[in-house]
Amino acid sequence: MSTENNTNQLFDNSIKILTDLIAFKTISGEDNNSLINYCDEILKNLGATSFRTFDGEKKRVNLFATLKAKQPSNKKPIILSGHTDVVPVSKGWSTDPFKATVKNDKLFGRGACDMKGFIACTLAFAPVYSKANLDRDIHFSYTFDEETACIGAPILIEELKKRGVKEGICIIGEPTNMKIIDAHKGCYEYTTYFEGLAGHSSAPHKGVSAVEYAARYVNKLIELREKLKERVPKDSIFDPPYSTLQIGGIFGGIAHNVIADKCHVNWETRPVIKEDGIFLNSELDKYANEILLPDMKKVFPNSSIRKNIIGEVVGFDRDKKSYACELVSNLTGDNAREVVSFGTEAGLFQEIGISTVVCGPGSIEQAHKIDEFIILDELKKCLNLLEGIKNNSIVS
Ligand SMILES: [Zn+2]
């Protein structure tokens, strides 16, 4: 079989697998067992070993599968990583979002670029790895619930730590048009709940207005936002260069003349350095626990302020001597390094010492949108990268 035929076959297979993957409705928060079984079976049939990690109810699953080196060397293992969940669909699609539809040079479907396209390429390419005389392990990491707040990946990372995996090269195939992304800010989301005491507005001293304490809390957040600007690291590579903070919503109260007993505030911060997240939270918690809460309790001892962490996706820091970036650069010939404004699982892998790069097929422009698509040529580029990885991972 000629090389060209091989390439065509890999490409056709990646489209076939992508079509299958899109048909699994793996919206964040929902059961992804069938999709994981599908991936596991393909890899097991090729001789891979695998393990799974779960959420509390085993409704959602991470898969970590390995094609072992046939001639182990001291080369770092490679992890090909993608999330299996997709964002929900809204009305207005021109095609069925869960049925892959090819039109001209594009394939439409929820998850086509974010990021089942990458997963499909890795599965289509896996038979080549399994036949090759690999001198390092190739891992396939498929996680759940990245889109909500990277809920699945930390569970997998814990297990990797337990198993002593602490080095390697990880490629996260988020849609970057195959460009190298080597940093992004963190993304921390919170909801803070205030509970006071309801009462008639004509006697404010007999109630505790959750809305008013929430307002003071929001003011503190705005004040701390200015402090974050002052803390801007000198060599920041981000735009804006400092950690940002945003109040996404305040919800509370039932009527003009009723003291509100409940209120909650949705807010988020995007730290450029981890220390900013720690600084912000400790200042804020101190203010809530030492100033606001004692004041509320003077009138109503059962008052409460509860900060609920929706997710704390750690930032991904630029590493000037990144093995992962170097490997991808050598294979694609593209030496550029870019930063992005969206969060990924990259920082989680980086935290345990794995050299990580974000690079994958498709564009983030089409992610999370109606009529999400991937340009088919992007899948070919991704398969080329996987081919390069193979050539880099065989005994020469
Ligand atoms: Zn994604």
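Structure: see above.
Here is a short report on the structure shown in this document. Within each chain, residues carry numbers counting from 1 in the order of the written sequence. Local features are withheld for residues below a pLDDT of 70 in this predicted model, meaning they are given only at 70 or higher, and side-chain atom pairs are given and counted only at 80 or more; totals for whole chains, interfaces and linings count all residues. Side-chain descriptors were evaluated using all non-hydrogen atoms of the structure, hydrogens and water having been removed beforehand.

**Structural notes on the overall build of the protein**
Here's step 1: When you go through the protein residue by residue, the secondary structure sums to 10 helices and 17 strands.
Here's step 2: Dimensions of the protein along its principal axes, counting C-alpha atoms only, are 85 × 45 × 35 Å.
Here's step 3: The cut-offs for exposure are 20% and 50% of the maximum accessible area for each residue type, with area from a 1.4 Å probe on protein chains only; residues under the lower value are buried, those over the upper are exposed, and the others partly exposed. Expressed as a percentage of the 396 residues in the protein, the buried residues total 51%.
Here's step 4: Contacts are assigned to residue pairs with any non-hydrogen atoms lying within 4.5 Å of each other. When contacts within the protein are restricted to residue pairs at least 6 apart in sequence, those whose partners lie at least 24 apart make up 81%.
Here's step 5: Only the protein chains shown count as covering a residue, and every accessible area follows the Shrake-Rupley method with a 1.4 Å probe. About 18,300 Å² of surface is accessible on the protein, with carbon and sulfur atoms providing 50% of the total.
Here's step 6: His residues and chain termini do not enter the charge count, which takes Lys and Arg as positive and Asp and Glu as negative. Think of each charge as sitting on NZ of Lys, CZ of Arg, CG of Asp or CD of Glu. Distance from the positive charge centre (49 side chains) to the negative charge centre (53 side chains) of the protein: 2 Å. The helix and strand labels rest on DSSP assignments: H or I over at least four residues marks a helix, E over at least two residues marks a strand, and numbering proceeds from the N terminus.

**Re the coordination of the zinc ion**
Here's step 1: Note on the zinc ion: its protein donors are H83 (NE2), D114 (OD), E174 (OE) and E174 (OE). The metal-donor distances range over 1.9 to 2.7 Å.
Here's step 2: Every donor counted, the 4 donor atoms about the zinc ion form angles of 52 to 137 degrees at the centre, which fits irregular coordination.
Here's step 3: Positions of the donor residues of the zinc ion, expressed as sequence spacing, correspond to H-x30-D-x59-E. Taken together, the positions of H83 in strand β3 (residues 78-83) and E174 in the loop between β7 (169-172) and β8 (181-184) put the pair 91 residues apart, joining distant regions of the chain.
Here's step 4: Residue E174 is classed as buried on the basis of its relative accessible area of 3%. Here a donor is an N, O or S atom found within 2.8 Å of the metal, or within 3.2 Å if the metal is Na, K or Ca; sites may look incomplete because water is not among the atoms. Each label reflects the angles at the metal, where four donors whose angles all fall between 85 and 135 degrees are tetrahedral, four or six donors whose opposite pairs open beyond 155 degrees and whose other angles stay between 65 and 115 are square planar or octahedral respectively, and the rest are irregular.

**Digging into the packing of aromatic side chains**
Here's step 1: Classification of ring pairs uses Phe, Tyr and Trp, with its six-membered ring standing for Trp, and accepts pairs whose centres are within 6.5 Å; under 30 degrees between planes counts as stacked, over 60 as edge-to-face, and the remaining range as tilted. Applying the stated criterion across every chain, the model contains 6 aromatic pairs.
Here's step 2: Seen in terms of ring centroids, F108 and F373 are 5.5 Å apart; in terms of plane orientation they differ by 55 degrees. Their pairing is tilted. Placement of F108 in strand β5 (residues 106-108) and of F373 in strand β17 (residues 373-375) is noted, with a sequence separation of 265 residues between them.
Here's step 3: Since its relative accessible area comes to 14%, F373 is described here as buried.
Here's step 4: With 4.5 Å between their ring centres and 20 degrees between their planes, Y190 and W267 make a pair best called stacked.

**Concerning helix α2 (residues 33-45)**
Here's step 1: Look at α2: 18 Å from first C-alpha to last across 13 residues, which is about the 18 Å you get at 1.5 Å a residue.
Here's step 2: Here α2 has its buried residues at N33, L35, I36, Y38, C39, D40 and L43.
Here's step 3: Elements that come into contact with the buried residues of α2 comprise α1 (3-23), β1 (49-54), β2 (61-67), α3 (112-131) and β6 (138-143).
Here's step 4: The first or second residue beyond α2 is G47, which carries a positive phi of 95 degrees. The length a helix should cover is 1.5 Å for every residue beyond the first.

**Points about the pairing of β6**
Here's step 1: Along β6, 6 of the 6 residues are buried, which leaves the element largely enclosed by surrounding structure.
Here's step 2: Residue alternation in β6 divides its side chains into two sets, I138, F140 and Y142 and H139, S141 and T143, and both sets are buried.

**Let's talk about the sheet that holds β17**
Here's step 1: Strands qualify as paired when DSSP identifies two bridges or more between them. With respect to topology, 3 strands assemble into an open sheet ordered β4-β5-β17, the strand pairing being antiparallel. Among the strands making up the open sheet, the edge pair consists of β4 (101-103) and β17. Here the average twist between neighbouring strands, direction ignored, is 25 degrees.
Here's step 2: Here β4 runs beside β5; their pairing, made up of 3 bridges, is antiparallel. Looking across to β5, one finds that K103 is bridged to K106.
Here's step 3: Packing of α3 onto the sheet brings it into contact with β5 and β17, and relative to β17 it is tilted by some 55 degrees. The axes used here are C-alpha line fits, helices contributing only the stretch in contact, and every angle between their N-to-C directions lies in the interval 0 to 180 degrees.

**Topic: α3**
Here's step 1: Spanning 20 residues, α3 covers 28 Å between terminal C-alpha atoms, matching the ideal 28 Å at 1.5 Å per step.
Here's step 2: One fitted axis covers the seven residues ending at a residue, a second covers the seven starting there, and the bend at that residue is the angle between these axes. The largest bend in α3 is about 35 degrees, located at F125, with the proline P127 one to four residues further on.
Here's step 3: Along α3, 17 of the 20 residues are buried, which leaves the element largely enclosed by surrounding structure.

**A closer look at the side chain of K116**
Here's step 1: With respect to the element layout, K116 can be found in helix α3.
Here's step 2: Dropping the residues within four chain positions of it, K116 is found in contact with L18, L21, I22, F24, T26, L35, T84, V86, R110 and G111.

**A closer look at the nonpolar core**
Here's step 1: If you look at the biggest cluster of nonpolar residues, it comprises 57 residues, and the most contacted ones within it are L80, L107, Y129, F140, Y142, L386 and I389.
Here's step 2: Examining the composition of this core, we find that 12 residues originate from one element, α3, more than from any other.
Here's step 3: Sequence-distant contacts of F140, that is, excluding residues within four places in its chain, are made with L43, L63, F64, A65, L67, L80, T122, A126 and Y129.
Here's step 4: Side-chain atoms within 4.5 Å link the members of a nonpolar core, which is a set of buried Ala, Val, Leu, Ile, Met, Phe, Trp, Tyr and Cys residues. I181, L224, F279 and F316 belong to the second-largest nonpolar core, a separate cluster that totals 49 residues.

**A look at the environment of E290**
Here's step 1: Mapped onto the fold, E290 is located in helix α7 (residues 274-299).
Here's step 2: By relative accessible area, which is 55% here, E290 ends up exposed.
Here's step 3: For the pair E290 and A124, spaced 166 residues apart in the sequence, the C-alpha separation amounts to 57 Å.

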